[in-house]
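# Architecture at a glance
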Amino acid sequence: MMTFLKTILIVLLVYFGLKFLIRLATPYLMRYISKKAGQQFEQFFGNDPNMNAQREKEGSITIDKNPSQNSRSSKKVGEYVEFEEVD
């Protein structure tokens, strides 16, 4: 009977100890996660919004993508259904 009580006591102490440690570590963990997300965001989008303006001369024109020659599709997407509005 005594070993059973010791086991329950140890389980409860571990549970409450982990709960306490998680409460202490959560603010630091959230700060770390938000910092890493901010770094990835800056790396992906660039940290300077005027970076393109510095690379190119003022007044220069650049074309990133030429428009496609066949912009109209010849595929029949569906059929037209005529309807009357019912009051």
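Residues numbered from 1 in each chain as written. Predicted model: local features only at pLDDT ≥ 70, side-chain atom pairs only at ≥ 80, totals over all residues. Heavy atoms only, no water.

## So, the overall build of the chain
Threshold: Each helix corresponds to a stretch of at least 4 residues labelled H or I by DSSP, and each strand to a stretch of at least 2 residues labelled E; elements are numbered beginning at the N terminus. To measure how exposed things are, a 1.4 Å probe is used in the Shrake-Rupley method; for residues, cover is taken only from the protein chains shown.
Of the regular secondary structure elements, the chain holds two helices and zero strands. Taken as a whole, the chain presents about 9900 Å² of accessible surface, with 60% of it coming from carbon and sulfur.

## Comments concerning helix α1 (residues 2–45)
Under the convention used in this document: Here the expected span of a helix is defined as 1.5 Å times the quantity of residues minus one. Consider a residue and the seven residues that end there alongside the seven that start there; fitting an axis to each set, the bend is the angle between those axes.
Between its terminal C-alpha atoms α1 stretches 62 Å, which fits the 64 Å expected from 44 residues at 1.5 Å a residue. The largest bend in α1 is about 40 degrees, located at Ala 25, with the proline Pro 27 one to four residues further on.

## Thoughts on the packing of aromatic side chains
Defined as follows: Stacked, tilted and edge-to-face pairs are distinguished by plane angle, under 30 degrees for stacked and over 60 for edge-to-face with tilted covering the rest, among Phe, Tyr and Trp rings (Trp via its six-membered ring) whose centres lie within 6.5 Å. Only protein chains enter the accessibility calculation, which uses a 1.4 Å probe; a residue whose area is less than 20% of its type maximum is buried, one above 50% is exposed, and one in between is partly exposed.
Taken as a whole and assessed by the stated rule, the structure comprises three aromatic pairs. Here the aromatic rings of Tyr 15 and Phe 16 are separated by 5.1 Å at their centres, their planes lie at 70 degrees, and the arrangement is edge-to-face. Tyr 15 sits in the partly exposed class, given a relative accessible area of 47%. A residue is classified by how much of its surface remains accessible, and Phe 16, at 49% relative accessible area, is partly exposed. A centroid spacing of 4.7 Å and a plane angle of 90 degrees characterise the contact between Phe 44 and Phe 45, whose relative ring orientation is edge-to-face. No difference in accessibility class separates Phe 44 from Phe 45, as the two residues are exposed. Through successive ring pairs, a cluster of aromatic residues spans Phe 41, Phe 44 and Phe 45.

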